[in-house]
Amino acid sequence: MPTVSLCMIVRNEEDVLGRCLACMKEIADEIIIVDTGSTDKTKEVAAAYTEKIYDFLWINDFAAARNFSFSKASMDYIMWLDADDFIDIKNQHKLLALKNSLDLKTDVVMMPYHVAFDENDNPTFSYYRERLMKRSQHFEWNGAVHEAITPRGVIEYSEIIVQHRKCKVNDPDRNLNIFKKLMEDGKSLDTRQKYYYARELYYHEQYSEAIDAFKLFFSEKDRWTENSIGACLDLSRCYSQLGEEDKALLALFNSFLYDRPRAEICCEIGLIKMKNQQYGQAIFWYECALSSENSAEYGGFSSIDCFGYIPYMQLCVCYDQLGEYQKAYECNEKAGERKPDNENYLANKRYFQQKFAEIAKKEEVSNEKF
């Protein structure tokens, strides 16, 4: 049976670290904790699970810290988690089963990473991450921020889910400041970093600057397909925020140059059409979203609601605006199959009950006249 080193970098995570390590204590053969400058009881929490606790001077470089943690591993495979990650019991059992059956020819195991949830705790945003890697292949992290490892060799896709469950808000400016410091120091950003820098500008509502940064990203020739598609979506939203609707639509349509239409792109086009009261066109694009293939295994970001709940809810609105109440009702019911406790679905259900009652009453009055 292969052995596993859990490698983590932490800083001031006393509130969540114990929860994370408890998930892995029966699975990992060794736990490596690299502390980048905690001032709380993070180390004390870690000490309850491992003696292998190391200090690393923080240099505004996540990849450097993670590579240091990997250098301390001694088992067959290395797994990484963040302190606010969580693996539930069901997926712990799956992970242990994977460990017991893992073919040593496997170099990388990809796992879904659920990072956002709705009011009923259903995942709404997910993507695959390189989660378990063969130590002998000497994988290295790249990127001072939004760091990643490029998978290679024999890659296995697993359905073992890791959840990202934050309990506190981190510094929202941290990543953008790291990027700006890199550039101030004369360091050039690689293609992937240019993409994430543009995204940080977008998140900070610096839309004009983000547009320029996305254009710089698109000038690179070694762009990853999924990042190119994601950049089209974010670029479109920047233009929409600036009221440049035609450019927003063009950015979305440009995504079709790279691969088949993504549900997220189709939903965004549908939204623009809805805002312009072009309900027939919006219906077309939301139906396209429903027929789109989930591209999560390609490694891109996946907005789970775009594959069912959102298109059906928006189709409900479109058909209602067109006076096609039965179709609208049916679409709302389809949305309810996915989120039966959702307040919007329930409100629509009440609306249609009243609407159909009013229609029935009018028909009854009309029939009485004849």
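Attention in this report is confined to the structure presented alongside it.

Conventions used here
- Residues numbered from 1 in each chain as written.
- Predicted model: local features only at pLDDT ≥ 70, side-chain atom pairs only at ≥ 80, totals over all residues.
- Heavy atoms only, no water.
- Core = buried A, V, L, I, M, F, W, Y, C linked by side-chain atoms within 4.5 Å.
- Buried < 20%, exposed > 50% of the residue type's maximum accessible area, 1.4 Å probe, protein only.
- Disulfide = S-S within 2.5 Å.
- Helix = DSSP H or I, 4+ residues; strand = E, 2+ residues; numbered from the N terminus.
- Salt bridge = Lys/Arg side-chain N within 4 Å of Asp/Glu carboxyl O.
- Axes fitted to C-alpha atoms, helices over the stretch in contact; angles between N-to-C directions.
- Parallel < 35°, antiparallel > 145°, perpendicular 65-115°, else oblique.
- Left-handed = near helix turned anticlockwise from the far one by under 90°.
- Contact = heavy atoms within 4.5 Å.
- Nonpolar A, V, L, I, M, F, W, Y, C, P; charged D, E, K, R; others polar.
- Phe/Tyr/Trp six-rings, centres within 6.5 Å; stacked < 30°, edge-to-face > 60°.
- Lys NZ or Arg CZ within 6 Å of the ring centre and 35° of its normal.
- Pairing = 2+ DSSP bridges.
- Right-handed = clockwise from strand over helix to strand, strands pointing away.

1. A few points about the nonpolar core
So, step 1. In terms of nonpolar packing, the biggest core is built from 74 residues, with Phe70, Met133, Phe179, Tyr197, Phe214, Cys238 and Leu315 touching the most fellow members.
So, step 2. Counting 30 residues, the second largest nonpolar core, distinct from the first, contains Val10, Cys23, Ala28 and Leu132.

2. Some points on the state of the cysteines
So, step 1. Applying the stated criterion to the full structure yields zero disulfides.
So, step 2. The thiol sulfur of Cys23 is not disulfide-bonded, and the nearest other cysteine sulfur, from Cys20, lies at 6.0 Å.
So, step 3. Relative accessible area serves as the criterion here: at 4%, Cys23 is assigned to the buried category.
So, step 4. Cysteine Cys318 shares no disulfide, and the gap to the nearest cysteine sulfur, in Cys331, comes to 9.0 Å.
So, step 5. We classify Cys318 as buried; its relative accessible area is 0%.

3. Considerations on the environment of Leu96
So, step 1. Looking at where Leu96 falls in the secondary structure, it is placed in helix α4 (residues 89-101).
So, step 2. As for Leu96 and Glu363, which are separated by 267 residues in sequence, their C-alpha atoms are 63 Å apart.

4. Structural notes on the pattern of salt bridges
So, step 1. Evaluation of the coordinates by the stated rule reveals 24 salt bridges.
So, step 2. Across the salt bridge formed by Arg165 and Asp121, the nearest N and O atoms sit 2.7 Å from each other. Of this pair, Arg165 sits in the loop between β9 (162-164) and α5 (174-184) while Asp121 sits in the loop between β6 (108-117) and β7 (123-134), and the two are 44 residues apart along the sequence.
So, step 3. Residue class for Asp121 comes out partly exposed when judged on its relative accessible area of 43%.
So, step 4. By sharing partners, the salt bridges in this structure join Glu226, Asp259, Arg260, Arg262 and Glu293 into a single network.

5. What to know about the packing of helix α11 (residues 279-291) against helix α12 (residues 309-321)
Packed helices, taken two at a time, are described by their axes: the angle between them and the distance between them.
So, step 1. Contact geometry for α11 and α12: axes closest at 9 Å, N-to-C directions at 160°. Taken together, the axes of α11 and α12 lie roughly antiparallel to each other. Note that α11 runs across α12; the crossing there is left-handed. Each of Tyr279, Ala282, Ile283, Tyr286, Glu287, Ala289 and Leu290 in α11 lies in contact with α12, whose residues at this interface are Pro311, Tyr312, Gln314, Leu315, Cys318, Tyr319 and Gln321.
So, step 2. Class assignment of the residues belonging to the contact of α11 with α12 gives a composition of eleven nonpolar, two polar and one charged.

6. Focus on the packing of aromatic side chains
So, step 1. All told, the structure shown has 25 aromatic pairs when counted by the stated rule.
So, step 2. When the ring of Trp80 is compared with that of Trp141, the centres are 5.3 Å apart and the planes differ by 85°; the resulting orientation is edge-to-face. Of this pair, Trp80 sits in strand β4 (residues 77-80) while Trp141 sits in the loop between β7 and β8 (155-157), and the two are 61 residues apart along the sequence.
So, step 3. Taking the centre distance of 5.4 Å and the plane angle of 35° together, the rings of Phe125 and Phe301 count as tilted. With a gap of 176 residues between them, Phe125 in strand β7 and Phe301 in the loop between α11 and β10 (302-303) connect regions that are remote in the sequence.
So, step 4. Taken together, the ring pairs in this structure connect Phe70, Trp80, Tyr113, Phe125, Tyr127, Trp141 and Phe301 into an aromatic cluster.
So, step 5. The residue whose ring lies beneath Arg66 is Trp141, and the NZ or CZ to ring-centre distance is 5.2 Å.

7. A look at the pairing of strand β1 (residues 4-10)
So, step 1. Most of β1 sits inside the fold, with seven of its seven residues counted as buried.
So, step 2. Burial of the side chains of β1 extends over both faces: Val4, Leu6, Met8 and Val10 are buried on one face and Ser5, Cys7 and Ile9 on the other.
So, step 3. Two strands pair when backbone bridges link them, and β1 and β4 are joined in this way by four bridges, in the parallel orientation. Bridging across to β4, Cys7 finds its partner in Trp80.
So, step 4. With six bridges joining them, β1 and strand β2 (residues 30-35) adopt parallel strand pairing. In the sheet register, Met8 faces β2, and the bridge partner there is Ile33.
So, step 5. For the crossover that starts at β1, traverses helix α1 (residues 17-24) and ends in the parallel β2, the hand is right-handed.

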